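Each chain, written out:
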Amino acid sequence: MEAKDLSGALLEEEEKEAFRAYRFGPLEAGLYLLGKAMEAVGQAQARLYEYRKEPLLEAIGWQGMSLVRVRLLVPEVMAKATYYLDGEDRTRVMDLLGRATDLLERAEGGLSDREVPYYILMGYAQARSQRLRVGKREVAHEGEDA
């Protein structure tokens, strides 16, 4: 299976490599970036709720989501980012959402409604994993400094 065309998309080098390795097209890549944006907002929500829940996760249609629902989800995530985040975190999420919508608009479909949440959750999970790894490194460095 060959990689799908993402030329002209506003992607960071690390993303280009990952999307090439996963053989993502614009739709999969856009959903993945949406998931990464949702993770940042979800993390802010979790802090507010003392890590007992992340209400934004409830917006994902676990049994499936149409692309129309995804288009409605983007402004919802944007509004929550504006509410829960500020400064550099908000800017990063707005950038992710902008690049996600660009890719989603380039997409030609090809996923079933049941597959859509998978790619969102893949981005969400990988962003959370990266956050946890960074946190562990920071804790280890603090321990070395003591």
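Presented here is an overview of the structure given in this document. Worth saying up front: this structure is predicted, and the values here are computed from it rather than measured.

Right, let's talk about the layout of surface pockets for a bit. Put simply, the largest pocket is a space of about 500 Å³. In terms of lining, the largest pocket is formed by 19 residues, of which the most central are E14, K36, Q126, A127 and Q130. For the lining of the largest pocket, the secondary-structure elements that each account for two or more residues are α1 (13-22), α2 (26-48), α4 (87-106) and α5 (116-145). By residue number, the principal contributor to the lining of the largest pocket is α5, which donates seven residues. Of the residues belonging to the lining of the largest pocket, the class tally is six nonpolar, three polar and 10 charged.

The next point concerns the nonpolar core. Counting residues in hydrophobic clusters, the biggest one holds 37 residues, and the most contacted among them are L31, L34, M38, V77 and I120. For this core, the secondary-structure elements that each account for two or more residues are α2, α3 (67-84), α4 and α5. Ranked by residue count, the leading element in this core is α2, at 11 residues. Setting aside its immediate chain neighbours within four residues, M38 contacts L56, I60, L73, V77, I120 and Y124.

On to the packing of aromatic side chains, then. All chains considered together, the criterion is met by seven aromatic pairs. Taken together, the aromatic side chains of F19, Y22, F24, Y32, Y118 and Y119 make up a single cluster linked through ring pairs.

Pairing between side chains of opposite charge can happen when the charged atoms of each approach one another. Enumeration according to the criterion identifies eight salt bridges in this entry. Here E15 ties to R99 by a salt bridge, and the two come within 2.4 Å at their closest N and O atoms. Of this pair, E15 sits in helix α1 while R99 sits in helix α4, and the two are 84 residues apart along the sequence. The same class applies to E15 as to R99, namely buried. D102 is the partner of R106 in a salt bridge, and the nearest nitrogen-oxygen pair spans 3.0 Å. Here D102 and R106 lie together in helix α4, a separation of four residues that amounts to about one turn.

The next subject is the side chain of Q45. Here Q45 is to be found in helix α2. With residues near it in sequence (within four places) discarded, Q45 still touches K53, E54, P55, L56, K80 and Y84.

Across the interface, α2 lies against α4 with an axial gap of 8 Å and an inter-helix angle of 160 degrees. Classified by the interaxial angle, the pair formed by α2 and α4 is roughly antiparallel. Our pair here, α2 against α4, has a crossing hand that is left-handed. From α2, P26, L27, A29, G30, L31, L33, L34, K36, A37, A40 and V41 reach across to α4, where they touch R92, V93, L96, L97, R99, A100, L103, L104 and R106. When the residues that make up the contact of α2 with α4 are grouped by side-chain class, the tally is 15 nonpolar, one polar and four charged.

Glancing now at the side chain of E15. In this structure E15 comes out as buried when scored by relative accessible area, which is 5%. Among residues more than four places away in sequence, those in contact with E15 are L33, K36, L96 and R99.

With respect to the helices and strands, the residue R114 is situated in the loop between α4 and α5. In this structure R114 comes out as exposed when scored by relative accessible area, which is 62%. Along the backbone, R114 and G64 are 50 residues apart, and their C-alpha atoms lie at a distance of 4.0 Å. Apart from the residues lying within four places of it in its own chain, the contact partners of R114 are Q63 and G64.

Scoring rules and cut-offs
Residues numbered from 1 in each chain as written. Predicted model: local features only at pLDDT ≥ 70, side-chain atom pairs only at ≥ 80, totals over all residues. Heavy atoms only, no water. 1 Å grid on protein atoms, 1.4 Å probe; cavity = no way out; pocket = protein on both sides within 12 Å on 5 of 7 lines; lining within 4 Å. Points joined across faces, edges and corners; volume = space filled by probe spheres on them. Helix = DSSP H or I, 4+ residues; strand = E, 2+ residues; numbered from the N terminus. Nonpolar A, V, L, I, M, F, W, Y, C, P; charged D, E, K, R; others polar. Core = buried A, V, L, I, M, F, W, Y, C linked by side-chain atoms within 4.5 Å. Buried < 20%, exposed > 50% of the residue type's maximum accessible area, 1.4 Å probe, protein only. Contact = heavy atoms within 4.5 Å. Phe/Tyr/Trp six-rings, centres within 6.5 Å; stacked < 30°, edge-to-face > 60°. Salt bridge = Lys/Arg side-chain N within 4 Å of Asp/Glu carboxyl O. Axes fitted to C-alpha atoms, helices over the stretch in contact; angles between N-to-C directions. Parallel < 35°, antiparallel > 145°, perpendicular 65-115°, else oblique. Left-handed = near helix turned anticlockwise from the far one by under 90°.

Function cannot be inferred from these measures alone, as they are strictly geometric.
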